[in-house]
Amino acid sequence: MSVENQAAKLQKGYYRVRKTWEDEDSQIGQYRLLVSAQKKADENPGYFVFSPAGIAIYPDDEETVEISDETDETLTEQKTVSEQAEPEEEIPDEDAVTEPTADEIAEAKTVALAEDEYPNDSNTTPILYARANTLLNVRAGNSLDADKITLIRKGEIAEVLEMCDNGWYRIKCEAAECGYAYVSNQIGTYFSVGVSLYTVQPADSLWKIAEKTLGSGTRYTDLKTVNNLNSNYIKVGMQLLIP
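The shown structure was predicted, so the numbers you read here are calculated from the model rather than taken from an experiment. (Residues numbered from 1 in each chain as written. Predicted model: local features only at pLDDT ≥ 70, side-chain atom pairs only at ≥ 80, totals over all residues. Heavy atoms only, no water.)

A. Representation of the environment of Tyr180. Relative to the helices and strands, Tyr180 resides in strand β10 (residues 180–184). Beyond its immediate chain neighbours, meaning those up to four positions away, Tyr180 contacts Asn120, Leu161, Arg170, Ile171, Lys172 and Cys173. A polar atom in the side chain of Tyr180 sits 3.1 Å from the side chain of Asn120. (Helix = DSSP H or I, 4+ residues; strand = E, 2+ residues; numbered from the N terminus. Contact = heavy atoms within 4.5 Å. Polar contact = N/O pair within 3.5 Å; in protein donor to acceptor, adjacent residues only side chain to side chain.)

Structure, rendered in structure tokens:
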């Protein structure tokens, strides 16, 4: 079977890249986008793209696709027929130069956002701390098409590793195998953000904390604003965002 009749992007299930369908341990990637799975197979000779049903669909080569119920003699015969029917290699026109079409450019951009290929700056140290102002989905990529991993509840604090160009945050996430995931702040109101965290100590007050962290006790109002506090009441152990 070839890739010709396969969906360019799966809505359910994955294209999986393995040596054989039965050898799950050999899997080196799973993708919604067919072109991403093909690229992974091309980079790793001996690996194949399998459909969600477990059928090898790429590379399209009769010699390498598994045929479980046939004998070695039958496979040898198929190989001979395949070699005899192989067309002559076409020699490309060296003078012909083709520019990528708009569709090809759009597809390339889509591939860049494919599952397992969301670009990031590889940073592992928090650059911001964000407190959720509402219940939010945490996803595998910075797109609403990406799979949901977990939830952030109102009031929970996320450690932000990167601010993406499209308004999403890449955050630390223990529920993700890679250790990070993505959450949207496109509207800019889903989170209150600070550059650091402060844990309230005994005998602390907002005034004292503002003096220690912001240089002036008069900035206690900034602490109230960024932490959505309606009063000056704080308790030991509470975590405050520092603007």
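Back to the write-up after that little detour.
B. Region of the structure containing the environment of Leu151. If you trace the backbone, Leu151 turns up in strand β7 (residues 148–152). On the accessibility criterion, Leu151 (32% relative accessible area) is partly exposed. Between the alpha carbons of Leu151 and Val183 there is a distance of 9.2 Å; along the sequence they are 32 residues apart. What Leu151 contacts, discounting residues up to four positions off in sequence, is Leu135, Leu136, Asn137, Val138 and Glu156. (Buried < 20%, exposed > 50% of the residue type's maximum accessible area, 1.4 Å probe, protein only.)

C. View of the pattern of salt bridges. Evaluation of the coordinates by the stated rule reveals seven salt bridges. Asp145 serves as the salt-bridge partner of Lys9, at 3.6 Å between the closest nitrogen and oxygen. Separated by 136 residues along the polypeptide, Lys9 in the segment before β1 (15–18) and Asp145 in the loop between β6 (136–139) and β7 bring together distant segments of the chain. For the salt bridge of Arg32 with Asp147, the shortest nitrogen-to-oxygen distance reads 2.8 Å. Placement of the pair is Arg32 in the loop between β2 (29–31) and α1 (34–43) and Asp147 in the loop between β6 and β7, with a sequence separation of 115 residues. Note on Arg32: relative accessible area 14%, which makes it buried. On the accessibility criterion, Asp147 (21% relative accessible area) is partly exposed. (Salt bridge = Lys/Arg side-chain N within 4 Å of Asp/Glu carboxyl O.)

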